[in-house]
Amino acid sequence: MVAVSVVIPLYNKEQYIERTIMSIISQTFQDFEIIIVDDGSTDGSVVKAETWIDNRITVLKMEHKGASAARNKGILAAKAELITFIDADDEWKPQFLDKIMDLKEKYPECGAFATSYEIRLPTQKKIIPSIYQTPEKWEGVFTNYVEKTLKDLPIISSAIAVRKQVFQEIGLFKEGEPLGEDQDMWLRIGMNYPIAYKNDSYAIYYRGLENSVCMDLTILNRYPIIYSLENLLRKEQMPYIDLYLSKLKLDYSKRLLEANKLDSAWEELHHTEAKVYKWEKAKLWLLYYWKRIINKYSFHTKNYKKECP
């Protein structure tokens, strides 16, 4: 049996999938299998994936159901006890799996193992996330995952490995949710298991790429993790849950504003408490009223032009 199963959900990433596969093949730790789950791609993604001649690579195919369904299919097909994920447009640095296996050996009580990551913008600018009350290069165990989410996200789907048993106990990714379904999973894991973490970047998350779900402002579903946190708050008062909820609701409000869904944004902002994120909320209100003014001006300008001879 292999030590690690690597699951790649693939949908229309023909420009990037080869880079992703190469970053896995180039790992200093080599005892793995790669499960590529094609989520009904309509471009040349599958052809590029299948050109790799390596008996560790398996390509599975399904109709288009979203990244969660693709990850779930990969989890069910995985042979290893440890499952890690990488999106088809992201990249691992050569020692990523080595660091994950090192965490697994040092912290056997943990249900998941993760590292920090580097954000790479289309301009090639690099951003290193700032994790709440976690020094650079720090290594250890998150006993309160929610606390660590109060600044930048500590965990992304391309920089975490999870014991297969964890999925058997808490369930799979929520399907039918295009945004935030991965954060919902990390929350569920963090509420039930300690997570071993190394605050050093061994993965590269490419933000703002073509065909990225996050960049598609026609997708405006409320994040599933918002509902999960609201349900947690109804049951009991837990440290930092309310702050994490506020942060996510403000982020969702910003997305609504960017999509010019002003009524929905007003509703979300109006019902969001921001004890810590007061300045962030104030900036969103300013953006809201600015867009109202612009829209009103544009409306009157269009009507004026129509009335002109």
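Throughout what follows, the structure given in this document is the object of discussion. Source: prediction; values computed, not measured.

Now for unusual backbone geometry. Positioned with a positive phi, glutamine 124 is a non-glycine residue whose angle comes to about 75°. Relative to the helices and strands, glutamine 124 resides in the loop between strand 6 (112-120) and strand 7 (126-127). Residue classification places glutamine 124 among the partly exposed residues on the basis of a relative accessible area of 49%.

What follows covers helix 9 (residues 262-270). Residues of helix 9 that are buried: Leu262, Ala265, Glu268 and Leu269. Down the axis of helix 9, the buried set is contained in an arc of 125°. They therefore lie on one face.

Before going further, it helps to spend a moment on the pairing of strand 10 (residues 195-206). Strand 10 sits mainly inside the fold: 11 of its 12 residues count as buried. The pairing of strand 5 (residues 91-92) with strand 10 spans two bridges and is antiparallel. Bridge pairing in strand 10 places tryptophan 92 opposite alanine 203. Bridge analysis of strand 6 against strand 10 gives eight bridges, and the strand direction is parallel. Across the sheet, the residue bridging to glutamate 118 is isoleucine 204, located in strand 10. Inspection of the sheet shows strand 8 (residues 139-142) paired to strand 10 by four bridges, in the antiparallel sense.

On to the packing of helix 8 (residues 241-258) against helix 9. Following both chains from N to C, one finds helix 8 and helix 9 inclined at 165°, their axes separated by 8 Å at the closest point. Between helix 8 and helix 9, the crossing angle belongs to the class labelled roughly antiparallel. Considering only the axes of helix 8 and helix 9, their crossing is left-handed. Within the contact between the two elements, helix 8 uses Lys249, Leu250, Tyr252, Ser253, Leu256 and Leu257 and helix 9 uses Leu262, Ser264, Ala265, Glu268 and Leu269. Class assignment for the residues of the contact of helix 8 with helix 9 results in seven nonpolar, two polar and two charged.

Basis of the calculations
- Residues numbered from 1 in each chain as written.
- Predicted model: local features only at pLDDT ≥ 70, side-chain atom pairs only at ≥ 80, totals over all residues.
- Heavy atoms only, no water.
- Helix = DSSP H or I, 4+ residues; strand = E, 2+ residues; numbered from the N terminus.
- Buried < 20%, exposed > 50% of the residue type's maximum accessible area, 1.4 Å probe, protein only.
- Arc of directions from axis to C-beta.
- Pairing = 2+ DSSP bridges.
- Axes fitted to C-alpha atoms, helices over the stretch in contact; angles between N-to-C directions.
- Parallel < 35°, antiparallel > 145°, perpendicular 65-115°, else oblique.
- Left-handed = near helix turned anticlockwise from the far one by under 90°.
- Contact = heavy atoms within 4.5 Å.
- Nonpolar A, V, L, I, M, F, W, Y, C, P; charged D, E, K, R; others polar.

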